[in-house]
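Here's the letter readout for the chains.
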Amino acid sequence: DTGVSQDPRHKITKRGQNVTFRCDPISEHNRLYWYRQTLGQGPEFLTYFQNEAQLEKSRLLSDRFSAERPKGSFSTLEIQRTEQGDSAMYLCASSLAQGAETEAFFGQGTRLTVV
Amino acid sequence: AQSVTQLGSHVSVSEGALVLLRCNYSSSVPPYLFWYVQYPNQGLQLLLKYTTGATLVKGINGFEAEFKKSETSFHLTKPSAHMSDAAEYFCAVSDWGGSQGNLIFGKGTKLSVKP
């Protein structure tokens, strides 16, 4: 296993279109996180899963954002009716469920540009 | 609630000079603290972490950090900078009180290394 994989690496979309990003975590990791990073800022937590259960989603930015992890393996993050303000790097991370001290491994991110 | 403040959005040092990147945290519970490095258009890589035990933590690439509870600090240091250290560095605290395991990041410090 080579680490957390995200696809696509780059996405350009027109305002109002829907986009979906995929994240494949490290295979033995049961926790999966989504973060958003805008220019000049640190990553901002969006949501996370433990296995297939989405345990925190209150920090998703709006109801246009949704995430799934149907079989407890890969995850998708969808943004509906994209806006220019959604332009950012979307990062996925995974870890083992060993409490708050567990190291999270990050993917290389998907850079979204909304034009 | 936990939070992190990184002092200085941009630090510039000469090759061979000491690197000092500052991080202060706020936490209502014993903190778990992390330093991550991010190269352009890449994800985040863990440099080191503090959970419990020894307050001086050694990480990869010659970096180390010292947890000082009395000062609520977790500054990152490296005795001698290399050109390859040029990157953005993020301090993070684990969000015990909220979603267990997700990280709260500072805004980052961009390190430049002059030849």
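Everything numeric here is computed off the predicted structure, so don't read it as measured data.

Quick notes on the rules
Residues numbered from 1 in each chain as written. Chains lettered and ligands numbered in written order. Predicted model: local features only at pLDDT ≥ 70, side-chain atom pairs only at ≥ 80, totals over all residues. Heavy atoms only, no water. Salt bridge = Lys/Arg side-chain N within 4 Å of Asp/Glu carboxyl O. Helix = DSSP H or I, 4+ residues; strand = E, 2+ residues; numbered from the N terminus. Buried < 20%, exposed > 50% of the residue type's maximum accessible area, 1.4 Å probe, protein only. Disulfide = S-S within 2.5 Å. Polar contact = N/O pair within 3.5 Å; in protein donor to acceptor, adjacent residues only side chain to side chain. Contact = heavy atoms within 4.5 Å. Nonpolar A, V, L, I, M, F, W, Y, C, P; charged D, E, K, R; others polar.

1. Considerations on the pattern of salt bridges
Step number 1: Using the criterion set out here, one finds six salt bridges over all chains in the structure.
Step number 2: With its nearest N and O atoms 2.8 Å apart, the salt bridge here joins Asp86(A) to Arg64(A). One end of the pair, Asp86(A), is in the loop between strand E8 (75-79) and strand E9 (88-95); the other, Arg64(A), is in the loop between strand E6 (53-56) and strand E7 (65-68), and 22 residues separate them in sequence.
Step number 3: You can call Asp86(A) buried: its relative accessible area is 3%.
Step number 4: Salt-bridge contacts for Glu64(B) lead to Lys58(B); the nearest nitrogen and oxygen are separated by 2.8 Å.
Step number 5: With a relative accessible area of 22%, Glu64(B) lands in the partly exposed category.
Step number 6: Where salt bridges share partners, they join Arg64(A), Glu83(A) and Asp86(A) into one cluster.

2. Overview of the state of the cysteines
All names here are of chain A.
Step number 1: Taken as a whole, this structure holds two disulfides over all chains when the rule is applied.
Step number 2: Note on cysteine connectivity: Cys23 is disulfide-linked to Cys92, with sulfurs 1.8 Å apart. A torsion of -70° about the S-S bond marks the disulfide between Cys23 and Cys92 as left-handed. Taken as a pair, Cys23 in strand E3 (residues 19-24) and Cys92 in strand E9 lie far apart in primary sequence, 69 residues in all.

3. Thoughts on the side chain of Ser75(A)
All names here are of chain A.
Step number 1: Here Ser75 lies in strand E8.
Step number 2: Its relative accessible area of 0% is what places Ser75 among the buried residues.
Step number 3: Polar side-chain contacts of Ser75 include one of 2.9 Å to the side chain of Trp34.
Step number 4: Contacts of Ser75, omitting those with residues within four sequence positions, involve Phe21, Arg22, Cys23, Leu32, Trp34, Phe49, Glu68 and Arg69.

4. Details of the interface of chain A and chain B
Step number 1: Across the boundary between the two partners, chain A contributes 25 residues, which contact 24 residues of chain B.
Step number 2: The interface formed by chain A and chain B holds zero salt bridges in total.
Step number 3: On inspection of chain A and its partner chain B, the count reaches four residue pairs in polar contact (both at pLDDT 80 or more).
Step number 4: Broken down by element, the residue count for the side of chain A that touches chain B peaks at four residues, all from strand E4 (residues 31-37) of chain A.
Step number 5: Counted by class, the side of chain A that touches chain B contains ten nonpolar, eight polar and seven charged residues.

5. Focus: the environment of Gln108(A)
Step number 1: Assignment of secondary structure puts Gln108(A) in the loop between strand E10 (105-106) and strand E11 (110-114).
Step number 2: Spatially, the C-alpha atom of Gln108(A) lies 13 Å from that of Pro43(A), the residues being 65 residues apart in sequence.
Step number 3: Those residues in contact with Gln108(A), other than ones at most four positions away along the chain, are Gln6(A), Arg9(A), Met89(A), Leu91(A), Asn41(B), Gln42(B) and Gly43(B).
Step number 4: A polar atom in the side chain of Gln108(A) sits 2.9 Å from the side chain of Arg9(A).
Step number 5: Side-chain polar atoms of Gln108(A) contact the side chain of Gln42(B), separated by 2.4 Å.

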